[in-house]
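# Coordinates in review
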Amino acid sequence: MAIIPSCKPTVVELDAKPDTFVHEIEIGDMDGDGKLEFFATPSDRNKANTSQAGLIVMYKYDGTTYKRTTVDGGEHTHAKEILAADINGDGKSEFFSVLEAELSGKTIKKPVEVRQYIPKGDGTFEHQSVAKIKDRQTRFLVAADFDGDGFKELVAAAMKTGLYLIDGEASEDGKITWAEPVVFDRMSGGFEHAVLASDLDGDGKVELYVAADDQRELKRYDWDAEGKTFKRTKLGSLQELTFTWNIEVGKL
């Protein structure tokens, strides 16, 4: 793993280990001190139809070096998706992982689980289960305020079972109570199932963009306040046997 500071052309290598995959990197400020932490997901090499464990770790610069803290010890399946986002607008990032399903061959023994990790104040973390999704994998999780209530909802894109909306409510102590996930499009899927939240038309409302490789569709979803769900619009077609690894926006 390498860090390239913007102030000078140097590279810092951390925790180099052979045959290790780091599927995801996320950056956020969990304690609100103005200094960013970054998170990583080291695990062993991928194995088909076999559950494997993997760590989730945090690195924070202490003025001299990057101190590593274990967020999740990996006594379960590994995460191929993590997310750091300020959900409730308090200036601090909430941190989430999406754990792959536990498999026995191709049978799901334990479904996908979305977890939120909460600092305990002593350098360790506790977690709460945000949602369980009956699927093998969910490799995209995004946060955005789709309904305009000032609180960011989560959208999880599962491999086969569709798109899920996960809403929550913050209490006075800052903790979040999460509602059960709601499927708003079952006819959407893909091995990666890439999604992106962005306000492309500049109307002040965030849209959801989805690449559904199984259906070979690129889609847009707009929040319908009256129906309290999303309205879908097909934007274009995707080629057969396509893996869409990501969606990005930019001014060309």
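Residues numbered from 1 in each chain as written. Predicted model: local features only at pLDDT ≥ 70, side-chain atom pairs only at ≥ 80, totals over all residues. Heavy atoms only, no water.

## What about the sheet that holds strand β18 (residues 182-185)?
As a reminder, the rule being used: Following DSSP output, two strands are said to pair if at least two bridges run between them. The helix and strand labels rest on DSSP assignments: H or I over at least four residues marks a helix, E over at least two residues marks a strand, and numbering proceeds from the N terminus. As a rule, the C-alpha atoms of each element are fitted with a line to give its axis, helices using only the stretch in contact, and angles between N-to-C directions run from 0 to 180 degrees.
Spatially, 4 strands are ordered β13-β14-β15-β18 in an open sheet, and the strand pairing comes out antiparallel. The open sheet has two free edges, formed respectively by β13 (138-144) and β18, since each of these has just one partner strand. Here the average twist between neighbouring strands, direction ignored, is 30°. Two elements, strand β15 (residues 163-166) and β18, share 3 bridges in a ladder whose sense is antiparallel.

## Details of the packing of aromatic side chains
As a reminder, the rule being used: Classification of ring pairs rests on two measures: the distance between centres of Phe, Tyr or Trp rings, Trp counted by its six-membered ring, which must be within 6.5 Å, and the angle between planes, read as stacked under 30 degrees, edge-to-face over 60 and tilted in between. Relative accessibility under 20% of the residue-type maximum defines a buried residue, over 50% an exposed one, and the middle range a partly exposed one, all with a 1.4 Å probe and only protein chains included.
Tallied over the full model, the rule gives 14 aromatic pairs. On the basis of an interplanar angle of 15° and a centroid distance of 4.9 Å, the ring pair of F38 and Y59 is categorised as stacked. Separated by 21 residues along the polypeptide, F38 in strand β4 (residues 37-44) and Y59 in strand β5 (residues 56-61) bring together distant segments of the chain. The two residues F38 and Y59 agree in class, both being buried. Where F191 meets F243, the ring centres are 5.0 Å apart and the plane angle is 10°; that geometry is what we call stacked. Taken together, the residues F191 in the loop between β18 and β19 (195-198) and F243 in the segment after β22 (229-237) connect sequence positions 52 residues apart. Take F191: its relative accessible area is 30%, and that puts it in the partly exposed class.

## Re the pairing of β13
Along any regular strand the residues' side chains alternate between the sheet's two faces. With 7 of its 7 residues buried, β13 lies for the most part within the structure. Both β13 and strand β14 (residues 153-158) contribute to a ladder of 6 bridges, which runs antiparallel. Paired with A143 across the bridge in β14 is L154.

## Things to note about the side chain of D185
How we decide: Between N or O atoms, a polar contact is any pair within 3.5 Å; within protein, one atom must be a potential hydrogen donor and the other a potential acceptor, and residues adjacent in sequence are included only when both atoms are from side chains. Between two residues, a contact is recorded if the distance between any of their heavy atoms is within 4.5 Å.
When you line up the elements, D185 lands in strand β18. The exposure class assigned to D185 is buried, which follows from its relative accessible area of 7%. Engagement of the side chain of D185 in a polar contact is seen with the backbone nitrogen of M187, the distance being 3.0 Å. If sequence neighbours within four positions are ignored, D185 has contacts with G162, L163, K219, Y221 and R232.

## Quick word on a nonpolar patch on the surface
Cut-off, in case you're wondering: Here, patches come from residues exposed beyond 30% relative accessible area and free of salt bridges, joined within 9 Å for like charges and within 5 Å for nonpolar side chains (Val, Leu, Ile, Met, Phe, Trp, Tyr). Accessible areas in this description were obtained via Shrake-Rupley with a 1.4 Å probe; residue shielding takes into account the shown protein chains only. Salt bridge, as applied in this entry: a Lys or Arg side-chain nitrogen positioned within 4 Å of an Asp or Glu carboxyl oxygen.
A cluster of nonpolar side chains, V22, I25, I27 and L36, forms an exposed patch at the surface whose accessible area comes to about 360 Å². When you line up the elements, L36 lands in the loop between β3 (20-28) and β4. Overall, the relative accessible area of 56% leaves L36 in the exposed class.

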